[in-house]
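Listed here are the chains, written in short residue letters.
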Amino acid sequence: MKVYLKKNITAYSGKDGEEDVVYSSHNQGNVCIARNYTKPTQTPQHLIFKANADAIRSIWSQATALFKDDLKIYAKLLNENYPDKIKATCYSIFIKILYAYAESEGVNVSTLDIATIRTSVVKSVKSAMDNNFISKVETTSALDNVI
């Protein structure tokens, strides 16, 4: 249903918990549509995604500070070299490395642990670049701190 809002507000987005209605803005804020809120159903894909996210979070929390600093430097270099294409953070790069490594090994991300990663070909930012898990950037030969 189309919504007409008071006080010169053309559109609104979000959930109204009191009325169990979700508002969505369309046409650059000129149209506001409301629909009844329905709770999403949990699917097997959600459970796989949760297991992967839990494994990634666990590995990230056990990673060394030097490795995280190397990822920050790498993310900064990516953002400087490709400002129009890439908006990377160190955590998003870390996730990309883990998913690419798991795919190359033919395992699920949820089965990875810190010991496996420390002995793998993605144990440092430099080795991940050398093995083509992430894009190569110049002046990154010093990024060899192990996870």
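Residues numbered from 1 in each chain as written. Predicted model: local features only at pLDDT ≥ 70, side-chain atom pairs only at ≥ 80, totals over all residues. Heavy atoms only, no water.

A.B. asks: Whenever I open this one, the packing of aromatic side chains confuses me. Can you help?
C.D. replies: Aromatic rings considered in pairs are described by the distance between their centres and by the relative angle of their planes. Considering all chains together, one arrives at 5 aromatic pairs under this definition. Judged by centre distance (5.2 Å) and plane angle (85°), the ring pair of tryptophan 60 and tyrosine 91 falls under edge-to-face. Separated by 31 residues along the polypeptide, tryptophan 60 in helix H1 (residues 44-62) and tyrosine 91 in helix H3 (residues 90-105) bring together distant segments of the chain. A relative accessible area of 17% places tryptophan 60 in the buried class. (Phe/Tyr/Trp six-rings, centres within 6.5 Å; stacked < 30°, edge-to-face > 60°. Helix = DSSP H or I, 4+ residues; strand = E, 2+ residues; numbered from the N terminus. Buried < 20%, exposed > 50% of the residue type's maximum accessible area, 1.4 Å probe, protein only.)

A.B. asks: Quick question: what am I supposed to make of H1 here?
C.D. replies: Think of an α-helix as turning once every 3.6 residues; residues three or four places apart then point the same way. Compared with an ideal rise of 1.5 Å per residue, which puts 19 residues at 27 Å, H1 spans 28 Å between its outermost C-alpha atoms and is within 8% of the ideal. Elements in contact with the buried residues of H1: helix H2 (65-81), H3 and helix H4 (114-118). (Expected span 1.5 Å × (residues − 1). Contact = heavy atoms within 4.5 Å.)

A.B. asks: Where do I start with the nonpolar core in this structure?
C.D. replies: Formed by 31 residues in total, the largest nonpolar core has its most connected members in Leu71, Tyr74, Ile93 and Phe94. Where this core is concerned, the elements lending two or more residues are H1, H2, H3, H4 and helix H5 (125-130). Broken down by element, this core gets its largest block of residues, 7 residues, from H3. Contact partners of leucine 71, with chain neighbours within four places excluded, come to Trp60, Cys90, Ile93, Phe94, Ile97 and Val125. (Core = buried A, V, L, I, M, F, W, Y, C linked by side-chain atoms within 4.5 Å.)

A.B. asks: Hey, could you run me through the environment of lysine 72 in this one?
C.D. replies: Structurally, lysine 72 can be placed in helix H2. Along the primary structure lysine 72 and isoleucine 93 are separated by 21 residues, whereas in three dimensions their C-alpha atoms are 9.3 Å apart.

A.B. asks: Explanation requested: H3 in the structure shown.
C.D. replies: An ideal rise of 1.5 Å per residue puts 22 Å on 16 residues; H3 measures up with 23 Å between its terminal C-alpha atoms. For H3, the full list of buried residues reads Cys90, Ile93, Phe94, Ile97, Leu98, Tyr101 and Ala102. Projected onto a plane normal to the axis of H3, the buried residues spread over an arc of 165° and lie on a single side. Positive phi appears at glycine 106, one or two residues downstream of H3, with a value of about 75°. (Arc of directions from axis to C-beta.)

A.B. asks: How should the confidence of the model for the protein be read in this particular structure?
C.D. replies: Detail in the predicted coordinates should be disregarded across regions flagged by low pLDDT. Across the protein, pLDDT averages 82, with 83% of residues at or above 70. Ranking the elements of the protein by mean pLDDT puts strand S1 (residues 14-16) last, at 63, and H1 first, at 93. (pLDDT = per-residue confidence, 0-100.)

A.B. asks: Got a minute to help me understand the pattern of salt bridges in this structure?
C.D. replies: Between side chains of opposite charge, a pair can form when the charged atoms approach closely. For the structure shown, the criterion picks out 3 salt bridges. Between aspartate 54 and arginine 57 there is a salt bridge whose closest N-O contact spans 3.0 Å. With a gap of 3 residues between them, aspartate 54 and arginine 57 both fall in helix H1, about one helical turn apart. Of the residues examined, aspartate 54 reaches a relative accessible area of 30% and is grouped as partly exposed. Of the residues examined, arginine 57 reaches a relative accessible area of 48% and is grouped as partly exposed. Counted as one network, the salt bridges with shared partners bring together Lys50, Asp54 and Arg57. (Salt bridge = Lys/Arg side-chain N within 4 Å of Asp/Glu carboxyl O.)

A.B. asks: Hey, could you run me through the side chain of serine 124 in this one?
C.D. replies: Examined against the element boundaries, serine 124 turns out to sit in the loop between H4 and H5. Ignoring sequence-local partners within four residues, the contact set of serine 124 consists of Phe67, Leu143, Asp144 and Asn145.

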